[in-house]
Amino acid sequence: MRNLTDPPRPLAAGLGNSNDQTRRHNLSTILTLLAQDGAQPRAQLTRRTGLNRSTIAALVSELAERDLVFETAAPGGGTVGRPSPVVNPNGRIACLAVHPDLDAVVVGLVGLGGLVHGRIRRETAGVPTAEQAVALAAGMATELRRRHAGVRVVGAGIALPGLVRSPDGLVTFAPHLGWHDEPLADRMAEALGVPAVATNDAKAAAVAELIHGAGKGARNLVYLNGSRSGIGGAVFTGGRALGGAAGYGGELGHTLADPAGGPCHCGNRGCLETEVGVEPLLAALGRSAADPDELDALLASGAPDVRVELERQLDVLARSIASFIAAFDPELVLLGGFLGSLFDVDPERLRLRVREASFAAISEGVRIERAELRENLVIVGAAELAFAPLLADPVSLSASA
Ligand SMILES: [Zn+2]
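Residues numbered from 1 in each chain as written. Predicted model: local features only at pLDDT ≥ 70, side-chain atom pairs only at ≥ 80, totals over all residues. Heavy atoms only, no water.

Going by what an unreviewed UniProt entry lists, the protein is known as ROK family protein and is assigned to Lysobacter korlensis. Heading Sequence similarities (unreviewed entry) of the UniProt record for the protein holds this comment: "Belongs to the ROK (NagC/XylR) family." (UniProt positions renumbered as here; feature names shortened; annotations may be inferred.)

What follows is the structure, given as C-alpha cells:
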C-alpha cells in the first residue's frame with residue numbers, strides 16, 4: 001500500500017526529474033492536500049508546499065481543467081489587497097465503496113474529500129455468498145448513480161472481514177462469510193464497470209481514521225476494531241500500512257491472548273478475538289443477540305455479572321495492547337466498533353492495565369483513544385483506497401466524463 005497519510009513532498013524542477021515528472025508529482029501533492037484536508041486558500045497551498053505562487057496557480061488551473069478541483073471567491077471579500085481564491089476538491093468525482101458483512105451489504109458513494117453522497121444498506125436473508133454480494137452491490141450502485149446523476153464514478157473500494165491478498169484483491173479466506181479464494185476485486189470491477197480494489201475492513205477503517213478521524217496527523221498507529229465478525233487490526237508505521245509479504249499484516253485479532261482459551265475460526269485456541277468480543281459478553285448475560293444500541297445500554301448498565309465480564313475483557317485487551325505497543329512502538333492506539341464501546345465503559349482501567357503490562361519506556365507517551373467516525377467509517381476508508389491511484393497521478397483520469 002502506498003503511503004496514504006502523507007501527501008507526497010513537492011519536487012523542484014530540474015533536479016534530475018523531467019518537467020513532466022515534476023509537474024505530475026506536484027499535481028499529486030496538491031490534489032492529496034485538498035482531498036485530505038479539504039478546501040483551502042491558494043495562498044495556503046503555496047505556503048504548505050513551498051512552491052512559488054505562479055507554479056501553484058498553474059497546477060491548480062490544470063487540476064480545474066481536469067475537473068478535479070474548482071475555485072471559489074475568498075470569504076470576506078473587500079479587505080485590503082486581493083484575497084486568495086479558495087481551492088476546493090471536486091466532491092462530484094467519486095468512488096463507490098462496498099462493504100459485505102454477515103447479514104447485509106452496504107454500498108456508499110463517496111466524493112473526493114470524503115463527502116458521503118449516499119449510502120444504501122440491504123439486509124440479506126443469511127450470510128451472503130460472494131456472487132450474491134456482487135449482484136446486490138451492482139444493483140445498489142446503479143440506484144446510487146441514478147440518485148446522484150451529476151456525480152462521476154472513477155473507481156470502487158471493497159472492504160470485508162477477512163484475509164485479502166494485495167495487490168490483486170483476492171479474498172483468500174473470510175471465515176465469518178465462509179468465502180475461500182474469491183477473486184472479489186476482479187468480479188466487482190466487472191459488475192460495477194470501474195477499476196476496483198479490495199482490502200480488509202479494519203484496514204479500511206484505520207485509513208478513514210487516519211485521514212478524517214481521531215488518527216489525523218498520526219504516522220504510527222495500531223488500530224483495533226471489534227464487530228460480530230471478530231477483531232480486525234491494522235498497523236501503520238511511518239505513515240505506511242504494514243502489509244507484510246502478501247498483504248495480511250496486522251491480523252491482530254489472531255494473536256494469542258490466552259493459551260487456555262476457546263477455539264477460534266482460524267484453527268487456533270485463545271486468540272484475542274475469542275477472548276474479547278460481543279459473544280462472551282452476551283453469554284455472560286444469558287443472551288444470544290443484541291443490536292448495537294441495546295449493547296451500549298447493556299455495557300453501561302453496571303449490572304454485577306456484566307461488570308465482571310467487562311473487566312475481564314478490558315484486562316485481556318490491555319495485555320494484548322501492551323504486546324502490540326512493544327512490537328510496533330505506535331504513538332496512538334485507536335479502538336473502533338465494539339472495542340470502542342468497551343473502552344468507553346472504563347477508559348482509565350484499560351489505560352492503567354496497559355501501563356502495568358508494558359515496558360514503561362516504550363508505552364509512556366502512547367495515547368489510547370476511541371475511534372471517531374461511526375457508521376461511515378468502513379465506507380469512507382474503502383473509498384479512500386479506491387481514490388489512491390487518482391491521487392498518486394491525477395493525470396491518469398481521462399478528461400471525458
Ligand atoms: Zn484465531
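*Asks:* Sorry, what's going on with helix H5 (residues 184–192) here?
*Replies:* Note on helix geometry: an α-helix contains 3.6 residues per turn, so any two residues three or four positions apart are oriented the same way. Those residues of H5 that fall on the buried side of the exposure criterion are Leu184, Ala185, Met188 and Leu192. Buried residues of H5 fall within an arc of 95° about the axis and therefore sit on the same side. Residues of H5 that are exposed and angled more than 90 degrees away from the buried face: Asp186 and Glu190. Just downstream of H5 lies glycine 193, where phi reads positive at about 75°. (Buried < 20%, exposed > 50% of the residue type's maximum accessible area, 1.4 Å probe, protein only. Helix = DSSP H or I, 4+ residues; strand = E, 2+ residues; numbered from the N terminus. Arc of directions from axis to C-beta.)

*Asks:* Whenever I open this one, the side chain of histidine 148 confuses me. Can you help?
*Replies:* You can see histidine 148 is positioned in the loop between helix H4 (130–147) and strand E7 (152–160). Polar contacts involving the side chain of histidine 148 include one to the main-chain carbonyl oxygen of histidine 117, which spans 3.5 Å. (Polar contact = N/O pair within 3.5 Å; in protein donor to acceptor, adjacent residues only side chain to side chain.)

*Asks:* In this structure, what is going on with unusual backbone geometry? I would like to understand it.
*Replies:* Both trends apply: most residues other than glycine have a negative phi, and most peptide bonds are in trans. A cis amide bond links serine 166 with the next residue in sequence, proline 167, at an omega value of 5°. One can find proline 167 in the loop between strand E8 (163–165) and strand E9 (170–174). The phi dihedral of aspartate 67 falls on the positive side, at around 70°, and the residue is not glycine. Turning to its location among the elements, aspartate 67 is positioned in the loop between helix H3 (53–65) and strand E2 (69–72). Assessed through its relative accessible area of 44%, aspartate 67 is described here as partly exposed. Backbone geometry at aspartate 181 places phi at a positive 45°, although glycine is not the residue there.

*Asks:* Looking at this structure, I do not really get the coordination of the zinc ion. What am I missing?
*Replies:* Reference values for angles at a metal are 109.5 degrees in the four-donor tetrahedral case and 90 or 180 degrees in the six-donor octahedral case. Coordination of the zinc ion by the protein involves His254 (ND1), Cys264 (SG), Cys266 (SG) and Cys271 (SG), with metal-donor separations of 2.1 to 2.3 Å. Its four donor atoms give the zinc ion angles of 102 to 122° at the centre, a pattern that matches the tetrahedral case. All donors of the zinc ion come from a single chain, and their spacing in sequence reads H-x9-C-x1-C-x4-C. With a gap of 17 residues between them, histidine 254 in the loop between strand E14 (240–241) and helix H7 (272–275) and cysteine 271 in the loop between E14 and H7 connect regions that are remote in the sequence. (Donors = N, O, S within 2.8 Å, 3.2 Å for Na, K, Ca; no water. Tetrahedral: all angles 85-135°; square planar, octahedral: opposite > 155°, others 65-115°.)

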